[in-house]
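Summary of structural features
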Amino acid sequence: MELVLLLLQQLSVYLVIAYLLSKTPIFIPLTSISGRNSHRFVYYILFSSFCILGTYFGLSIENAIANTRAIGAVMGGLLGGPLVGFFVGLTGGLHRYFMGGFTDVACTLSTTTEGFIGGLLHLYFLRKGKIGHIFKPSVALLVTLFSEVIQMLIILIVAKPFEQAWALVQAIALPMVIANGLGAALFMSIIQDKKAIFEKNYTTFSNKALRIAQRTVGEFSQGFNSDSCKKVADIIYQETGVGAVSITDRDKILAFIGVGADHHLCGTVISSGYTLKAIESGEIIYVDGYETDYQCSINTSCRLGSVLVIPLLEADGRVLGTIKLYEPKQKFFSTLNRNLGEGIAKLISNQILTGRYIQQKNLLNQAEIRLLHAQVNPHFLFNTLNTISAVTRKNPQKARELIQHLSQFFRSNLKQNIEQVTIKEELVHVQSYLEIELARFEERLSVEINIDDRLLPLEIPTFTLQPLIENAIKHGTSTLMRKGELKVNGYILKKDNNAVVVLEVIDNAGNYCTKGKKVGLGLQIVDKRLKNKHGQQYGLVISCKTDEFTKATISFPLLNGQEF
Amino acid sequence: MLKAIIIDDELYAREELNELLVESNAVEVIAQCSNAIEGLKVINSLKPDVVFLDIQMPQITGLDLISMLDPESMPKIVFVTAYDEYAVTAFEDNAFDYLLKPVESDRLHKTLKRLKNNNISPSNYSAVVTHHLELIPCSGFNRIILLEPNKIEIAMSDQTGVHLLTGDETLTASLSLKILEEKTELIRCHRQYLVNPICLREIKLLDNGSAEIITRSGLKTPVSRRYLKKIKDRFGLI
C-alpha cells in the first residue's frame, strides 16, 4: 500500500510536467489524429521522453524498478498508431535495459509490447471510424490496465529466477496497474481538454467570421458610402464585441461606432497618423498601447487604448480605405479579434468590389432602358409622316387625329424616368401607336384587344407591352402578303394557389420560327426586368408555328394586396 | 408622255405619290401595285418606261424585284423609301435616282426633269440588287406561291412561259431562265432547261453525244452536247 502512494506521488510530478507541456505549441499535433510523418515523429519524440521520464521517476525495489513507463508507450501507440507505439516502447525499453537488473530483458520486451497494444487499438478505432474514442480517458485507463497485466505475465515468463520474479510481481503488480492506469487516464484527459479548448476557439472564430460575412452580404450594393459603412461597422461591432469600430475611405471617417463616438465624428478628415500610414503603405498596423503608446489623435481624454488598422484593398492592391478596431484602455485586444480583423478587412474589400460591380450593372440596365425608350424606329416615323401627308389631302380631320396620336406616342416615349406604369397607362401608349399603324396599313391590318378590366390598375415596368406589339407588327404582320391579324390578350391564370397575370401578343405571321428564333434588345430587356423583379419562372416566353402564329407571352405573379 | 407605274405596299403612300405625279403632268401613271409580285407581272405585261419602287415590302423587297427583271428590258427605276440608311448610301454612291418619303415636290420635279431628258441613272443595278433569290414568285390557279429555289428540280421554258417543276407540282414563274440561272443554284443543261444539281440522281449518256438527266423525283431533262461538258466538269466526271 505504501508503494501505491509513493508511485502516485511520482505520478503527480509526471502529470504536472505533462500539463505544463500541454500549454506549449508542441501539444497541438496531439489534439488531432494525423497520418503525417512529421506528426508521427513528434509523437515518437514526445512519448519516448515520457517513457524515459517514467523510468527515472520509478522506485527501486528488489533489484527492479516500479515505474510509470507504460503510460508513455501506451499513449504513444494509442495516438500515433502501431509503428509509433512499437518504437516508443522499444526506445523506452532499451533505456530501461541499460539500467540493468534481473528484469531488464523482460521490461524491454513488455514495454515494446505495451506500445504495440496501444497501436493496435488505434488501428482498430481507425478502421471502425471511431477516432473520437481514442481521446476517451476511460479507453486509456482500460488499455493501460490490460497492458500492465500483460507486462506482469511477461516478467513472470522471461525474468529468471522465477521465484524472485514471482515475489517482485506480488509486490509491484497492484501499485503499477493502478498508477499507470490512472496516469494514462489523466494524461488523456489533459489532451482532451486541450483539444476542446482548441476546437472551441476555432469554432468561435469561424462562427464569428461566417456571421459577419452573412450579415454584411449586399450591404455595399448601393456603393461604398457612409450609409453602407455605418451598417457594416455596426454588424462588426456587435459580432466581435470590440470597444469601437470605424471605417474610413482614403480621406475621412465614414462610420464610427462604440466608445469615443462622441468625438470620432463621421465625415471628419482622418487625423490619426497610424491610419494615414496604413493607407500610405497598405500594411496592417497594430498599436497595443503598451509596447507602442497609443493616444487618440482627436481628444486626449479618449478612453480608447489600442487600435488595429487594416487597409481595405482594391483588386489591384490599391488602398481604398481602412477598417479600424479599437479596445478601450482597461481591455486587452484578444488574439481572436486581431486575427478576425484581417479576415474582416478582406471580406469587406470583396463586398465593396462586388457592390460596385452590381451597381455598375444596374446603371447599365438603366442605360439600356433609356436607350430603348429613345430609340424610335425611324422607318416608323417617316412612314407615319408620309401617311399623314397623304391623308391631309383628302381628310384633314383624320390627319389632325394622326398627329395627335403621334405626339402622344412620342410624349410617352420621353417619359423616361418613370419605372412602373399601370397596364391602363401602357395601353394608352400602345393605342396611339396602333392607331398610327392601322392608318398606315389600312386594309392590311386588324387589331383585337381583349384585356380583363381587373388588370388595368396593375403595375408593370414601363415599355413592357409596347415593344411586343411593335415587334409583332414590324417583324410579323407587315411582312405578310395577306391580311395581318394582331391579338392582345390579358387575363389572370390560377395555378396551384398562385394567381399569375398573363399578357399575350399574337400575330398571324409565325416568322419567329423561320427567322432563327432571335430576340432583339428591346424584348431581352422586357424579359430581364420581369425576371429581376419577380424571379426566373416569370418573364417573356415566345412560341410560334410557321405561317400560323407567333405568340409572345409575358407573365408575372399577382402580388399580395392585389387579390381579386 | 412617259408611262409610269407605282409599286408600294402602303395605300396612302401610293395615293400620295400618284397625286404628286398627276399634278406634275410629266408622266402618266398606268398602274399601281401593292406588292412586288404584282409589280413584276405588271412590268412584264405593260412594259412601263419608269417604275416608282418602294424598297421595304413584304416577302419580296423592291431590290429583290429588280434582280428578277431582265437587264435588257429594264425600265427606268426611281427608288422610293421612308428610311433605309444602307440603301440610300448605295443610291448616292451609284447615282441612282431615289425619293425620300414624305416626297418633296421640288425633289420630285428634278427627278422628272431628268427622266424627260432621258438622263436618268444607268440600268446596271448590280450594286444594290439581291444577288441570291430566296423566294421565287410563281402563279398557280388563282394564287400566288413563293417558292424556295432549293425545292425546284427543273426549270424549263416554252412558248407559254417559264415553268418550275418541283416533283410535286408545276408552277409558272414570271422570271426568265437567265435570271434564274444567275440568281439561284440552278445550272443550265439545255437552251430551254435548268436543273438543280442537288436534285440530280442520274446522268444517262446517249449515243449521239448528248445526255439525259434524271432527278430525285424521276423527272427527266435533256442535256445538250453544248452543256454536257460543263455538267461533267461540275461533278468531276471525265
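Residues numbered from 1 in each chain as written. Chains lettered and ligands numbered in written order. Predicted model: local features only at pLDDT ≥ 70, side-chain atom pairs only at ≥ 80, totals over all residues.

On a plain count of helices and strands, chain B comes out with seven helices and 15 strands. By the burial criterion, 39% of the 238 residues in chain B qualify as buried. Sequence-distant contacts in chain B: of pairs separated by 6 or more residues, those separated by 24 or more amount to 59%. (Helix = DSSP H or I, 4+ residues; strand = E, 2+ residues; numbered from the N terminus. Buried ≥ 20, exposed ≤ 12 C-beta atoms within 10 Å, placed from the backbone. Contact = placed C-beta atoms within 7 Å.)

Each side of the interface is counted separately: chain A has 19 residues, and chain B has 15 residues. For the side of chain A that touches chain B, the elements supplying multiple residues, two or more each, are α11 (378-394) and α13 (423-441) of chain A. Per-element tally for the side of chain A that touches chain B: the top contributor is α11(A), with 11 residues. Across the side of chain A that touches chain B, the residue classes break down as eight nonpolar, seven polar and four charged. (Nonpolar A, V, L, I, M, F, W, Y, C, P; charged D, E, K, R; others polar.)

If you look at the biggest cluster of nonpolar residues, it comprises 101 residues, and the most contacted ones within it are I469(A) and L53(B). In terms of residue count, α13(A) provides more of this core than any other element does, eight residues in total. Apart from residues lying up to four places away in sequence, L53(B) is in contact with I7(B), G62(B), L65(B), I77(B), V78(B), F79(B) and V80(B). Counting residues in hydrophobic clusters, the runner-up holds 52 residues, among them L53(A), L79(A), L121(A) and A140(A). (Core = buried A, V, L, I, M, F, W, Y, C linked by C-beta atoms within 7 Å.)

Residue and element names in this part refer to chain A. Here we have five strands laid out as an open sheet, ordered β9-β11-β12-β14-β13, and mixed in their pairing. Strands with a single pairing partner mark the edges of an open sheet, and in this sheet they are β9 (445-451) and β13 (539-545). Recorded for the sheet is a direction-independent mean angle of 15° between the axes of neighbouring strands. For β13 and strand β14 (residues 549-557), the ladder comprises seven bridges, and the chain directions are antiparallel. Within β14, the residue paired with G539 across the bridge is S555. (Pairing = 2+ DSSP bridges. Axes fitted to C-alpha atoms, helices over the stretch in contact; angles between N-to-C directions.)

Per-residue pLDDT for chain A averages 85, and the proportion of residues at 70 or more is 96%. Predicted confidence in chain A is weakest over helix α10 (residues 335-374) of chain A, with a mean pLDDT of 75, and strongest over β9(A), with 95. (pLDDT = per-residue confidence, 0-100.)

Here we take up the pairing of strand β3 (residues 50-54) of chain B. Residues and elements named next belong to chain B. Among the five residues of β3, five are classified as buried, and the element is accordingly described as predominantly covered. Neither face of β3 is open: one carries V50, F52 and D54, the other V51 and L53, and all of them are buried. Of the pairings in the sheet, the one linking β3 to strand β4 (residues 76-81) comprises five bridges and is parallel in character. The residue of β4 that forms the bridge with V51 is I77. After leaving β3, the chain enters helix α3 (residues 62-67) and then returns to the sheet as β4, a path that is right-handed. (Right-handed = clockwise from strand over helix to strand, strands pointing away.)

Our focus in this paragraph is the packing of helix α3 (residues 69-80) of chain A against helix α7 (residues 162-216) of chain A. Residue and element names in this part refer to chain A. As a packed pair, α3 and α7 sit with axes 9 Å apart at the nearest point and diverge in direction by 50°. What the angle tells us is that α3 and α7 run oblique. Viewed along their axes, α3 and α7 form a crossing whose handedness is right-handed. Across the interface between the two elements, A70, I71, V74 and M75 of α3 pack against N180, G183, A184, F187 and M188 of α7. Looking at the contact of α3 with α7 residue by residue, the class counts come to seven nonpolar, two polar and no charged. (Parallel < 35°, antiparallel > 145°, perpendicular 65-115°, else oblique. Left-handed = near helix turned anticlockwise from the far one by under 90°.)

Another aspect to go through is helix α6 (residues 137-158) of chain A. With 22 residues, α6(A) should reach 32 Å at 1.5 Å per residue; the first-to-last C-alpha distance of 31 Å fits that figure. Considering only its buried residues, α6(A) is in contact with α3, α5 (104-128) and α7 of chain A. (Expected span 1.5 Å × (residues − 1).)

All names here are of chain B. Reading across from one edge, β7-β6-β10-β9-β8-β12-β11 is the order of the seven strands in this open sheet, with antiparallel pairing throughout. Unpaired on one side and paired on the other, β7 (144-147) and β11 (187-190) mark the two borders of the sheet. Averaged over all neighbouring strand pairs, the angle between strand axes comes to 35°, with direction disregarded.

Quick look at the packing of helix α12 (residues 396-414) of chain A against α13(A) now. When two helices pack together, their arrangement is given by the angle between the helix axes and the distance between those axes. Residue and element names in this part refer to chain A. Contact pair α12 / α13: the axes reach a minimum separation of 8 Å and the direction vectors enclose 140°. Classified by the angle between their axes, α12 and α13 sit oblique to one another. With respect to the hand of their crossing, α12 and α13 are arranged in left-handed fashion. The residues of α13 that touch α12, namely those facing L402, H405, L406, Q408, F409 and S412, are H429, S432, Y433, E435, I436 and A439.

What follows concerns unusual backbone geometry. Across residues other than glycine, the phi torsion is negative in most instances, and most of the peptide bonds are trans. Residues and elements named next belong to chain A. Omega for the bond connecting K160 with P161 falls within 30 degrees of zero, at -5°, which places this linkage in the cis form. Residue placement: P161 occurs in the loop between α6 and α7. Even without glycine at this site, F463 takes up a positive phi of about 60°. Relative to the assigned elements, F463 resides in the loop between β10 (459-461) and α14 (465-476).

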